[in-house]
Amino acid sequence: MAETGNGAEAQEPQQPPQIKMQVLAQFIRDMSFENVLAQKGVTDSNVQPEIQVQVSLDARKRTVENQYEVISKFKVTSKNKADGSAIFLLELEYGGIFRVEGVPEEQLHPYLLIECPRMLFPFIRRIVSDVTRDGGFPPLNIDTVDFLALYRQELARRAEAQKAATPAS
């Protein structure tokens, strides 16, 4: 014998909205590779490269509902440890168009700047590897980027800049 109408269904905890993310498109917005070593005609095999990778992110809402464009900008600089001379410079702006649904408004900004770049990163790593290899160097397999730490650093930097700009009262 089944009981009905006791209101048990109404007392169930409400489920948070299901988050849905879909990568609609990926693209290279801008890319530049300068093989400084080859331009100088240096054939010295005593080069000891020192690699520096800078990452910046940008996101913006598109005109279509629930669509966002996220751009990851990578600047990879290689210098000779011995004298600091440039070996190569790679600049890459890689973008993705995402459909994001179910993310609360207050969590959307971190979601776009952490989760979306994380989805694009394997493709960026592959491009950097291929370009450096095709440029005459060993393929550069850049380390995984901690986008959460990068996001937190940017928030801290903005808070410091705002604190410096606000006169003490």
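Use the structure listed above.
About the cut-offs
- Residue positions are given per chain, counted from 1 along the sequence in the order it is written.
- With pLDDT at 70 or above as the cut-off, local features in this predicted model cover only qualifying residues; side-chain atom pairs require 80 or more to be listed or tallied, and sums for whole chains, interfaces and linings still use all residues.
- Remark: hydrogens and water are excluded; side-chain values derive from all non-hydrogen atoms of the structure.
- The way it works is that DSSP assigns letters per residue, a run of H or I at least four long becomes a helix, a run of E at least two long becomes a strand, and they are numbered from the N terminus.
- In a helix, the anticipated span is given by 1.5 Å times the number of residues less one.
- In the analysis that follows, any N or O atom pair within 3.5 Å is treated as a polar contact, provided that within protein one partner can donate a hydrogen and the other can accept it, and provided that, for residues neighboring in sequence, both atoms belong to side chains.
- A carboxyl oxygen of Asp or Glu within 4 Å of a side-chain nitrogen of Lys or Arg is what we treat as a salt bridge.
- Burial here depends on accessible area, computed with a 1.4 Å probe over protein chains only, as a share of the maximum for the residue type. Under 20% is buried, over 50% is exposed, and the range in between is partly exposed.

### What to know about helix α3 (residues 147-165)
Item 1. When the terminal C-alpha atoms of α3 are compared, their 27 Å separation across 19 residues agrees well with the 27 Å that a helix rising 1.5 Å per residue should span.
Item 2. A distance of 3.2 Å separates the backbone nitrogen of Leu 148 from a side-chain oxygen at the start of α3, and that oxygen is part of Asp 146.

### A word on the pattern of salt bridges
Item 1. What the rule picks out here adds up to 11 salt bridges.
Item 2. Between Glu 154 and Arg 158 there is a salt bridge whose closest N-O contact spans 3.0 Å. In this pair, Glu 154 and Arg 158 both sit in helix α3, 4 residues apart, roughly one turn of the helix.
Item 3. You can call Arg 158 partly exposed: its relative accessible area is 46%.
Item 4. Residue Lys 163 is joined to Glu 160 by a salt bridge in which the shortest nitrogen-to-oxygen separation is 3.8 Å. Separated by 3 residues within a single helix, Lys 163 and Glu 160 lie in helix α3, roughly one turn from each other.
Item 5. Salt bridges linked by common partners bring Arg 29, Arg 60, Arg 62, Glu 69 and Glu 93 together as one network.

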